[in-house]
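Here is what each chain is made of, one letter per residue.
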Amino acid sequence: MQNLIKNTIAYVQQELEHAESGHDWFHIERVWKLSKKIAEDQECNLLVVELGALLHDIADSKFHNGDEELGPKKAAEFLKAQQVTQEIISQVTHIIKNISFKNRNEAPLNKSIELQIVQDADRIDALGAIGIARTFNFGGYKNNPIHLPGEKPKLNQSKEEYKKSNGSSINHFYEKLLLLKDMMNTQKGKEIASKRHQYMEDFLKEFFSEWEAEK
């Protein structure tokens, strides 16, 4: 198992060497560590959890012309070359296919515990101080405005609307990030998310106060 994890880490680091910094190897590493932390309290297949965490963004569709099949395909090809069983490969690709926020309305009703764990970890990395940093980094990457007074967040967006969205970084908090706390699957995930959620709430209060020159 350790050699497989080591080989997977090397593969992901190579594949994501030039990735946008909010979705690079360091994002993967944080999600991997969080997944292992959450898994401590769960009856699960830890190998599936670790591989799912390490490979969940191996080809994020938003950086590949919306292709949602490329990630699972690349992960499956890599794992097959590592002589991983088809059963494990299927569980890992199941995580990759269903982890995304944009696919929340298409997610299976009975999510595997391994998917629940990695999904919580991935969503937690979108919260708190790291989440704030990633939000503005990605906004800059897409040349989105920081804030547009008067532009209201677009709530309850469809999958296609969300994929095409180019709103302000501040609105992204309301369209996605502040919703994640109540979407956690595991108790550990809920506990971590709650703390990070509060940090973002405090940040937004400070942001709007400074924006209006109240301080």
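Draft legend 1. Structural detail: the pattern of salt bridges. By the definition in use, this model includes 6 salt bridges. A salt bridge links Lys 74 to Glu 15; its shortest N-O distance comes to 2.4 Å. Of this pair, Lys 74 sits in helix H4 (residues 70-81) while Glu 15 sits in helix H1 (residues 2-15), placing them 59 residues apart in sequence. With relative accessibility at 33%, the residue Glu 15 sits in the partly exposed group. Between Asp 125 and Arg 30 there is a salt bridge, with its nearest N and O atoms 2.7 Å apart. With a gap of 95 residues between them, Asp 125 in the loop between helix H6 (113-124) and helix H7 (128-141) and Arg 30 in helix H2 (residues 25-39) connect regions that are remote in the sequence.

Draft legend 2. View of the packing of helix H3 (residues 46-55) against helix H5 (residues 86-98). Close contact between H3 and H5 brings their axes to 9 Å; oriented N to C, the two are set at 45°. Taken together, the axes of H3 and H5 lie oblique to each other. H3 and H5 meet at a crossing whose hand is right-handed. Together, Val 48, Leu 51, Gly 52 and Leu 55 of H3 and Ile 88, Gln 91, Val 92, Ile 95 and Ile 96 of H5 make up the contact between the two elements.

Draft legend 3. Local environment of the packing of aromatic side chains. Under the defined criterion, the tally for this structure stands at 8 aromatic pairs. Between Phe 136 and Phe 173, the aromatic rings sit 6.0 Å apart at their centres with planes inclined by 45°, giving tilted as the arrangement. Within this pair, whereas Phe 136 is found in helix H7, its partner Phe 173 is found in helix H9 (residues 169-175), the two being separated by 37 residues in sequence. Residue class for Phe 136 comes out partly exposed when judged on its relative accessible area of 24%. With a centroid separation of 5.6 Å and an interplanar angle of 25°, the aromatic rings of Phe 207 and Trp 211 are classed as stacked.

Draft legend 4. Representation of H1 in the model. Over its 14 residues, H1 extends 20 Å from the first C-alpha to the last, a length consistent with the 20 Å expected when each residue adds 1.5 Å. Close packing links the buried residues of H1 with H2, H3 and H4.

Rules of the game
Residues numbered from 1 in each chain as written. Predicted model: local features only at pLDDT ≥ 70, side-chain atom pairs only at ≥ 80, totals over all residues. Heavy atoms only, no water. Salt bridge = Lys/Arg side-chain N within 4 Å of Asp/Glu carboxyl O. Helix = DSSP H or I, 4+ residues; strand = E, 2+ residues; numbered from the N terminus. Buried < 20%, exposed > 50% of the residue type's maximum accessible area, 1.4 Å probe, protein only. Axes fitted to C-alpha atoms, helices over the stretch in contact; angles between N-to-C directions. Parallel < 35°, antiparallel > 145°, perpendicular 65-115°, else oblique. Left-handed = near helix turned anticlockwise from the far one by under 90°. Contact = heavy atoms within 4.5 Å. Phe/Tyr/Trp six-rings, centres within 6.5 Å; stacked < 30°, edge-to-face > 60°. Expected span 1.5 Å × (residues − 1).

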